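The chain contents come next:
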Amino acid sequence: MRLLIPGGAGYIGSHMVKYVQELGHEAVVLDDFSTGHEWAINDCEILRVNLLDQDTLAQLLKGRSFDGVIHFAAKSLVGESVQKPDLYYRNNVVGTLNLVNEMITNDIHNLVFSSTAAIFGNPVTEKIAEDHPKNPINPYGQSKLMAENMLRDICAVHDINATCFRYFNAAGADRSGSLGEAHDPETHLIPNILKSTIPGGSVLKVFGTDYETHDGTCVRDYVHVTDLAEAHFLALEYMKDNSGFSAFNLGNGSGFSVLDVIRSCERAVKKMIPFDPAMRRVGDPPVLVADSSAAICKISWEPKFGSLDAITQSAWRWHEHSGG
Ligand code: UDP
């Protein structure tokens, strides 16, 4: 297959590129490199363009055929989305619309869309299944929900199939140790814990120690980035027999607190990791855990990294390799 991967130079996108290449498929990366890295992708054609640049996008995709589009290109920081909502709606909603317009123009039929658990807002059930109410509490979640709704409407009238995946907490790194998470600034928990262990690294802050959880810190569902890549690939198969719009939640179904994750990283790094309790971060729900039974049952997803220790060990291998 030949697959177009917008956002393929980013964290999850670059693992996706490697995943499909290892299966012998061709990946064409479309990226503006605003947050992605050229070192993260190898042996593939690169289309350097921002999805908001409609003219260049149209020129680059004109007459090209792809078996599928796996779309990761987006802004994804909750805090930034509160400060710059216009940036988020433009990039995540208008950018996706521009991409879908080119798919329609060029007869490209299958889209896998990177969505987020942030579309659900504060949970009202212990685990979050697909039918959980969708009340995003920040512009990032809102922009992804708007894009999902837009895709649903477009699939109803055009010959386009779309599968949306709402990820919980993407984490970990490729088994080679040569590819992993590298955001600037880094806001995510596991890389921040690991970076704090490197000499000269700043002390880890734990945002909120008075939540109503087993140890007072926020509980999240960590899912390995290669398991996410597998789900995206399986969606292409799923859409062969299931046309139109679908959406699935992707997590491991187990919640771990910030302190649980620190303990797991201590086992990976083999030393104590000190931390400072800090104020709660605005917009952090206390608990977010996925019910992924629909993805497991309908797209035959089989996550391989069920244990938190396997996830943190893979992240540590990458941090050691990359020098933090
Ligand atoms: N967190 C923390 N210290 C950090 C980064 C994150 O205590 O340096 C907490 C954060 O408040 C949240 C959890 O770790 O409760 C996971 O945060 P992350 O940013 O990794 O993912 P999110 O759940 O926000 O998508």
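Residues numbered from 1 in each chain as written. Predicted model: local features only at pLDDT ≥ 70, side-chain atom pairs only at ≥ 80, totals over all residues. Heavy atoms only, no water.

Visitor: Could you clarify how one ought to interpret the sheet that holds strand 3 (residues 45–48) in this entry?
Guide: The pairing of strands in a sheet happens through backbone hydrogen bonds and is either parallel or antiparallel. Sheet architecture is open: seven strands sit in the order 3-2-1-4-5-6-11, paired in parallel fashion. At either end of the open sheet lies a strand with only one pairing partner, and these are strand 3 and strand 11 (245–250). Across the sheet, the axes of successive neighbouring strands diverge by a mean angle of 20 degrees, strand direction being ignored. Where strand 4 (residues 68–71) lies against strand 5 (residues 110–116), three bridges are found, and the strand directions are parallel. What sits directly across from V69, in strand 5, is L111. Against the sheet, helix 2 (residues 54–61) makes contact with strand 1 (2–6), strand 2 (26–31) and strand 3, and its axis sits at roughly 155 degrees relative to strand 3, the strand it touches most. Each of strand 1, strand 4 and strand 5 is contacted by helix 4 (residues 85–105), which is oriented at about 170 degrees to strand 5, the strand it contacts most. (Pairing = 2+ DSSP bridges. Helix = DSSP H or I, 4+ residues; strand = E, 2+ residues; numbered from the N terminus. Axes fitted to C-alpha atoms, helices over the stretch in contact; angles between N-to-C directions. Contact = heavy atoms within 4.5 Å.)

Visitor: Quick question: what am I supposed to make of the layout of surface pockets here?
Guide: Put simply, the second largest pocket is a space of about 190 Å³. Lining of the second largest pocket is provided by H15, Y19, E22, L23, A173, D174, R175, H224, T226, A229 and F305. No other element matches the three residues that helix 1 (residues 11–22) contributes to the lining of the second largest pocket. Residue composition of the lining of the second largest pocket, grouped by class: five nonpolar, three polar and three charged. (1 Å grid on protein atoms, 1.4 Å probe; cavity = no way out; pocket = protein on both sides within 12 Å on 5 of 7 lines; lining within 4 Å. Points joined across faces, edges and corners; volume = space filled by probe spheres on them. Nonpolar A, V, L, I, M, F, W, Y, C, P; charged D, E, K, R; others polar.)

Visitor: So what exactly am I meant to see when it comes to the site of the ligand here?
Guide: Residues in close proximity to the ligand total 14 residues, the closest being L189, K205, R220, R281 and D284. Contact between the ligand and N192: an oxygen atom at 3.0 Å from a side-chain N or O atom of the residue. Between F207 and the ligand, the recorded distance is 2.9 Å, taken from a backbone N or O atom to an oxygen atom. Among the secondary structure elements, those contributing two or more residues to the shell around the ligand are helix 6 (189–196) and strand 8 (204–207). Ranked by the residues each element gives to the shell around the ligand, the list is headed by strand 8, at three residues. Broken down by class, the residue content of the shell around the ligand amounts to six nonpolar, four polar and four charged. (Near = heavy atom within 4 Å. Polar contact = N/O pair within 3.5 Å; in protein donor to acceptor, adjacent residues only side chain to side chain.)

Visitor: Sorry if this is basic, but what is going on with the sheet that holds strand 9 (residues 219–220) here?
Guide: Sheet architecture is open: three strands sit in the order 12-9-14, paired in mixed fashion. What marks the edges here is a single partner per strand, and that holds for strand 12 (256–257) and strand 14 (287–288).

Visitor: Sorry if this is basic, but what is going on with helix 5 (residues 139–157) here?
Guide: Since there are 3.6 residues in each turn of an α-helix, residues three or four apart along the chain are aligned in direction. If you check helix 5, its first and last C-alpha atoms are 27 Å apart, about what 19 residues at 1.5 Å a residue would give, namely 27 Å. Those residues of helix 5 not exposed but buried are P139, Y140, G141, S143, K144, L145, A147, E148, M150, L151, I154 and C155. At its buried positions, helix 5 is contacted by helix 3 (78–83), helix 4, strand 5, strand 6 (161–167) and strand 11. (Expected span 1.5 Å × (residues − 1). Buried < 20%, exposed > 50% of the residue type's maximum accessible area, 1.4 Å probe, protein only.)

Visitor: Please clarify how the pattern of salt bridges should be interpreted in this entry.
Guide: For side chains bearing opposite charge, pairing can occur when the charged atoms are close. Across all of its chains, the model carries 14 salt bridges by this definition. Note that R280 is salt-bridged to D210, the shortest N-O span being 3.0 Å. Here R280 is found in the loop between strand 13 (275–278) and strand 14, whereas its partner D210 is found in the loop between strand 8 and strand 9, with 70 residues between them in sequence. Residue class for R280 comes out partly exposed when judged on its relative accessible area of 44%. The structure contains a network of salt bridges with shared partners spanning K18, E22, D174 and R175. (Salt bridge = Lys/Arg side-chain N within 4 Å of Asp/Glu carboxyl O.)

Visitor: Help me understand the environment of Y238 in this model?
Guide: Structurally, Y238 can be placed in helix 7 (residues 225–241). Judged by its relative accessible area of 13%, Y238 is buried. It is 16 Å that separates the C-alpha atoms of Y238 and S292, two residues lying 54 residues apart in sequence. Apart from the residues within four sequence positions on either side, Y238 is in contact with T163, S246, F248, K298 and I299.

Visitor: Would you explain helix 6 in this entry?
Guide: Counting buried positions over the eight residues of helix 6 gives six, a clear majority of the element. Looking at helix 6, one finds that the buried residues are L189, I190, P191, I193, L194 and S196. Looking at the buried side of helix 6, the elements it contacts are strand 7 (169–171), strand 8, strand 10 (222–224), helix 8 (258–269) and helix 10 (308–322).

Visitor: Mind showing me how you'd approach the packing of aromatic side chains here?
Guide: Each aromatic ring pair is characterised by the separation of its centres together with the angle its planes make. Applying the stated criterion across every chain yields a total of five aromatic pairs. Pairing W39 with W318 gives two aromatic rings, centres 5.7 Å apart and planes at 25 degrees, and the pair type is stacked. Highlighted residues: W39 in the loop between strand 2 and strand 3 and W318 in helix 10, separated in sequence by 279 residues. For W39, a relative accessible area of 45% translates into the label partly exposed. A relative accessible area of 6% means that W318 is categorised as buried. Among the aromatic residues, those joined into a cluster by ring pairs are F165, Y238 and F248. A cation over an aromatic ring shows up here: R280 above the ring of Y211, its NZ or CZ 4.0 Å from the ring centre. (Phe/Tyr/Trp six-rings, centres within 6.5 Å; stacked < 30°, edge-to-face > 60°. Lys NZ or Arg CZ within 6 Å of the ring centre and 35° of its normal.)

Visitor: Any chance you could explain the nonpolar core here in plain terms?
Guide: Nonpolar side chains in soluble globular proteins tend to be buried together. In terms of nonpolar packing, the biggest core is built from 35 residues, with I5, M16, V20, F165, L250 and I299 touching the most fellow members. Sort the elements by how many residues they give to this core and helix 7 lands first, with nine residues. Those residues in contact with I299 that lie beyond four places of it in its chain are F165, A231, L234, Y238, F248 and A294. Counting 27 residues, the second largest nonpolar core, distinct from the first, contains M103, F113, M150 and A162. (Core = buried A, V, L, I, M, F, W, Y, C linked by side-chain atoms within 4.5 Å.)

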